[in-house]
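Report on the structure
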Amino acid sequence: LVGVISADVGLGLADFRAGERTFQLLTQVAGRAGRGEIRGQAIVQTLFPNHYSIQHACRQDYAGFFQQELQFRQSMQYPPAVALINAVVKGRTEQGARHDAAAIVHTLRSAPAPYRILGPAPAPLSRLKGEHRAQFFMKGSHRGPMRQALLAALSARPDIRRRTIVDIDPMSVL
């Protein structure tokens, strides 16, 4: 017997892969209940029993989850429907990190481009190892122009470039 308390807590994370991670965790945990000779059982406690990731996990329906998750990502313009770049700018102060991220974003927005910029905003982990962090995202259909534009903007500001983490096609945006 396996019990999962608050199975939906991961769905509240500010990450486009939250449903995928919830599905993955629940199917893995439920799979552990049925390994012996006696058939196992999994009990899932959730506030969102109708969420597709929980529904498909309870049925061990990988194909159904994949299809619905792909629809969600396409409608929200998340990978793999678009390319995504996550840039995190670190600074000594919160204001400094946001100011520097805004400077890079201003440069990126000043030229017409085949991408969108989201942010800047405080990063979900806004302070890490004594440094403040701000982040912004680039979304578009082609990684090459996005990457080149970001590299050019950072090259123009080497003081910010050395304090910036760039993650192309991030596995997590937290």
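Residues numbered from 1 in each chain as written. Predicted model: local features only at pLDDT ≥ 70, side-chain atom pairs only at ≥ 80, totals over all residues. Heavy atoms only, no water.

1. Considerations on the environment of His 51
Mapped onto the fold, His 51 is located in the loop between strand S2 (42–44) and helix H2 (52–58). What makes His 51 partly exposed here is its relative accessible area of 25%. In this structure the side chain of His 51 is engaged in a polar contact, spanning 2.9 Å, whose partner is the side chain of Ser 53. (Helix = DSSP H or I, 4+ residues; strand = E, 2+ residues; numbered from the N terminus. Buried < 20%, exposed > 50% of the residue type's maximum accessible area, 1.4 Å probe, protein only. Polar contact = N/O pair within 3.5 Å; in protein donor to acceptor, adjacent residues only side chain to side chain.)

2. Considering the packing of helix H4 (residues 94–109) against helix H5 (residues 143–155)
For the pair H4 and H5, interaxial distance at closest approach is 9 Å and the crossing angle is 125 degrees. Accordingly, the angle class assigned to the pair H4 and H5 is oblique. Remark: the crossing between H4 and H5 carries right-handed chirality. Residues Ile 104, Thr 107 and Leu 108 of H4 lie in contact with H5, whose contacting residues are Ala 149, Leu 150, Ala 153 and Leu 154. (Axes fitted to C-alpha atoms, helices over the stretch in contact; angles between N-to-C directions. Parallel < 35°, antiparallel > 145°, perpendicular 65-115°, else oblique. Left-handed = near helix turned anticlockwise from the far one by under 90°. Contact = heavy atoms within 4.5 Å.)

3. As for unusual backbone geometry
Note the cis peptide between Pro 79 and Pro 80, where omega equals 10 degrees. With respect to the helices and strands, the residue Pro 80 is situated in the loop between helix H3 (62–76) and strand S3 (83–91). Of note, Gln 60 is a non-glycine position whose phi angle comes to about 55 degrees, a positive value. Inspection of the secondary structure puts Gln 60 in the loop between H2 and H3. For Gln 60, a relative accessible area of 33% puts it in the partly exposed group.

4. Here's the deal with the pattern of salt bridges
The tally for this structure, following the rule as stated, stands at 9 salt bridges. Where Arg 73 meets Glu 20, a salt bridge forms, and the shortest distance between an N and an O atom there is 2.4 Å. Separated by 53 residues along the polypeptide, Arg 73 in helix H3 and Glu 20 in helix H1 (residues 18–33) bring together distant segments of the chain. Its relative accessible area of 7% is what places Arg 73 among the buried residues. Glu 20 gets classed as partly exposed once you look at its relative accessible area, which sits at 30%. A salt bridge links Arg 98 to Glu 94; the shortest N-O distance between them is 3.4 Å. With Arg 98 and Glu 94 both in helix H4 and 4 residues apart, the pair spans about one turn of that helix. (Salt bridge = Lys/Arg side-chain N within 4 Å of Asp/Glu carboxyl O.)

5. Focus on the nonpolar core
Core analysis: the biggest nonpolar cluster contains 20 residues, and Ile 104, Leu 108, Ile 117, Phe 136, Met 138 and Leu 150 have the highest contact counts within it. Taken together, the elements giving at least two residues each to this core come down to S3, H4, strand S4 (115–128), strand S5 (131–140) and H5. Among the nonpolar cores identified, the runner-up in size contains 11 residues, and Leu 11, Phe 23, Ile 54 and Ala 57 belong to it. (Core = buried A, V, L, I, M, F, W, Y, C linked by side-chain atoms within 4.5 Å.)

6. Digging into the environment of Pro 49
Structurally, the position occupied by Pro 49 is in the loop between S2 and H2. Overall, Pro 49 belongs to the partly exposed group, its relative accessible area being 40%. The spatial distance from the C-alpha of Pro 49 to the C-alpha of Leu 11 is 12 Å, given a sequence separation of 38 residues.

7. Points about the packing of aromatic side chains
One pass over the structure, following the stated rule, counts 5 aromatic pairs. Both rings, one in Phe 23 and one in Phe 65, keep their centres 4.2 Å apart while their planes meet at 0 degrees; by these two values the pair is stacked. Pair noted here: Phe 23 is in helix H1 and Phe 65 is in helix H3, with a separation of 42 residues, a long-range link. Between Tyr 52 and Phe 65 the ring centres are 5.9 Å apart and the planes differ by 25 degrees, which places this aromatic pair in the stacked class. Of this pair, Tyr 52 sits in helix H2 while Phe 65 sits in helix H3; the two residues are 13 residues apart in sequence, bridging distant segments of the chain. (Phe/Tyr/Trp six-rings, centres within 6.5 Å; stacked < 30°, edge-to-face > 60°.)

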